[in-house]
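Commentary on secondary and tertiary structure
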Amino acid sequence: MKKFLSVFLVLVLTLSFASVSLAADESSNVPIVTVNDQVDPTVPEVPGETEEPEEPEEPEVPSIDDYEFVATMYLCANALAFPGHVWLVFENLTECEIPLGYVTLNPHEVMSVGSLGNTRYDGGGTYYNGETMMAQGKLDRVCKNTVSLKMNLTMKQLEKVNSKIKSLNAYQFIFWNCGCFATQVWNCVSSKKVVHIVLPVFTVLNMYILGAKNGQIRMPETTIDRAFKQKRDCAVPANEKSFRRSCVG
């Protein structure tokens, strides 16, 4: 009887250990879910990171610095109408507005700048487009008969020219006339220095020695709204009466 109880007890213990081992194996196959692994059903899954679209690049706007030369300057002289006249012509070579003295030169605009006498309606001094206004109706003949020297200007050279124009606004027939004004502006940037001696005829001779040519300037038709008289620190619209008497031939 004791032997039978011993065998029965061993059998029960063996079966108990076997069931415990089986339960442990099954529990090891169950995945462990942590708090971070739980998916919020209210948040939709995103297949991948979304990149913000790149903004299109704005086209580059031409800058005045993009041009090697911004303007052409001509030193002009005409002795056909006594006592003759010496003046400057500027042409904008760019697609931008550029400063010229106290005014603005529009893209590809051509403008004359010169000193006119005290008998003018607006008084003596520096005028913008004065010569062009006086040559209306005979521009082709005036340009053909005008002697001129030519040079292209960088922006730095133009700034120097503008400073010189702004500083000159007087007129005196002998000691400070049209030739004094034009040659001083020209000489402030040009390597070809022009000497002006009282009358334009002497200036013409000096210009020929330096390689001046006839007929290379261009002065297109203009209107009175593009003519100005320079004051101490600005330019004001000129009166058409100032240009009734021509000095450019």
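These lines cover the structure that appears in this document, whether it is placed above or below. (Residues numbered from 1 in each chain as written. Predicted model: local features only at pLDDT ≥ 70, side-chain atom pairs only at ≥ 80, totals over all residues. Heavy atoms only, no water.)

**As for the pattern of salt bridges**
With the rule as written, the count across this model stands at 2 salt bridges. The salt bridge partner of Glu-91 is Arg-218, with a shortest N-O separation of 3.0 Å. Separated by 127 residues along the polypeptide, Glu-91 in strand S2 (residues 85–92) and Arg-218 in the loop between strand S8 (213–214) and strand S9 (228–230) bring together distant segments of the chain. Overall, Glu-91 belongs to the buried group, its relative accessible area being 18%. For Arg-218, a relative accessible area of 42% puts it in the partly exposed group. The closest approach of N and O atoms between Arg-226 and Glu-109, which form a salt bridge, is 2.9 Å. Here Glu-109 lies in the loop between strand S4 (103–105) and strand S5 (110–116) and Arg-226 lies in the loop between S8 and S9, a separation of 117 residues in the sequence. Glu-109 carries the same exposure label as Arg-226, and that label is buried. (Salt bridge = Lys/Arg side-chain N within 4 Å of Asp/Glu carboxyl O. Helix = DSSP H or I, 4+ residues; strand = E, 2+ residues; numbered from the N terminus. Buried < 20%, exposed > 50% of the residue type's maximum accessible area, 1.4 Å probe, protein only.)

**Points about a nonpolar patch on the surface**
On the surface, Phe-173, Ile-174, Phe-175, Val-195, Ile-197, Val-198, Val-201, Phe-202 and Leu-205 cluster together to form a nonpolar patch covering roughly 860 Å² of accessible area. Inspection of the secondary structure assignment puts Val-201 in helix H6 (residues 200–209). Since its relative accessible area comes to 40%, Val-201 is described here as partly exposed. (Patch = residues over 30% accessible without salt bridge, like charges linked within 9 Å, V, L, I, M, F, W, Y side chains within 5 Å. Areas by Shrake-Rupley, 256 points an atom, 1.4 Å probe, with all protein chains shown as cover.)

**Focus on the state of the cysteines**
Inspection of every chain in the model, using the stated rule, returns 0 disulfides. Left unpaired, Cys-76 is separated from the closest cysteine sulfur, that of Cys-143, by 8.2 Å. (Disulfide = S-S within 2.5 Å.)

**Describing helix H4 (residues 155–167)**
Three or four residues apart is the spacing at which side chains of an α-helix point the same way, because the helix has 3.6 residues per turn. Under the 1.5 Å per step criterion, the end-to-end length of H4 is 19 Å for 13 residues, consistent within 8% with the ideal 18 Å. Regarding H4, the residues found buried are Met-155, Leu-158, Val-161, Asn-162 and Ile-165. In an axial view of H4, the angular spread of the buried residues amounts to 110°, which keeps them on one side of the axis. Facing away from the buried side of H4 by more than 90 degrees, the exposed set consists of Lys-156, Ser-163 and Ser-167. (Expected span 1.5 Å × (residues − 1). Arc of directions from axis to C-beta.)

**Section: the packing of aromatic side chains**
One pass over the full model with this rule turns up 1 aromatic pair. Considering the side-chain rings of Tyr-127 and Phe-243, the 5.8 Å spacing of their centres and the 80° angle between planes classify their relative orientation as edge-to-face. Remark: Phe-243 occurs in the segment after strand S10 (235–237) and Tyr-127 occurs in strand S6 (residues 125–128); sequence separation between them is 116 residues. Classification of Tyr-127 by relative accessible area gives buried; the value is 0%. The ring centre of Tyr-127 lies 5.6 Å from the NZ or CZ of Lys-229, which sits over that ring. (Phe/Tyr/Trp six-rings, centres within 6.5 Å; stacked < 30°, edge-to-face > 60°. Lys NZ or Arg CZ within 6 Å of the ring centre and 35° of its normal.)

**Focus: the side chain of Arg-120**
Relative to the helices and strands, Arg-120 resides in the loop between S5 and S6. Buried charged residue Arg-120 carries no salt bridge. Nearest counter-charge: Glu-131, at 8.0 Å. Within the local environment of Arg-120, its side chain forms a polar contact with the backbone oxygen of Ser-242, the two atoms lying 2.9 Å apart. (Lys, Arg positive; Asp, Glu negative; His and termini not counted. Polar contact = N/O pair within 3.5 Å; in protein donor to acceptor, adjacent residues only side chain to side chain.)

**Some remarks on unusual backbone geometry**
A positive phi angle, close to 65°, is found at His-108, a residue other than glycine. Within the secondary structure, His-108 sits in the loop between S4 and S5. Residue His-108 is classed as partly exposed on the basis of its relative accessible area of 39%. One non-glycine residue, Asn-129, adopts positive backbone phi at about 70°. Within the fold, Asn-129 resides in the loop between S6 and helix H2 (130–134).

**Overview of the sheet that holds S6**
Sheet architecture is open: 8 strands sit in the order S8-S7-S1-S2-S5-S6-S9-S10, paired in antiparallel fashion. Unpaired on one side and paired on the other, S8 and S10 mark the two borders of the sheet. Sitting on the sheet, H4 touches strand S1 (71–78), S2, S5, S6, strand S7 (147–153) and S9, and the angle it makes with S7 is about 125°. Along the sheet, H6 makes contact with S1, S2, S7 and S8, crossing S7 at roughly 60°. (Pairing = 2+ DSSP bridges. Contact = heavy atoms within 4.5 Å. Axes fitted to C-alpha atoms, helices over the stretch in contact; angles between N-to-C directions.)

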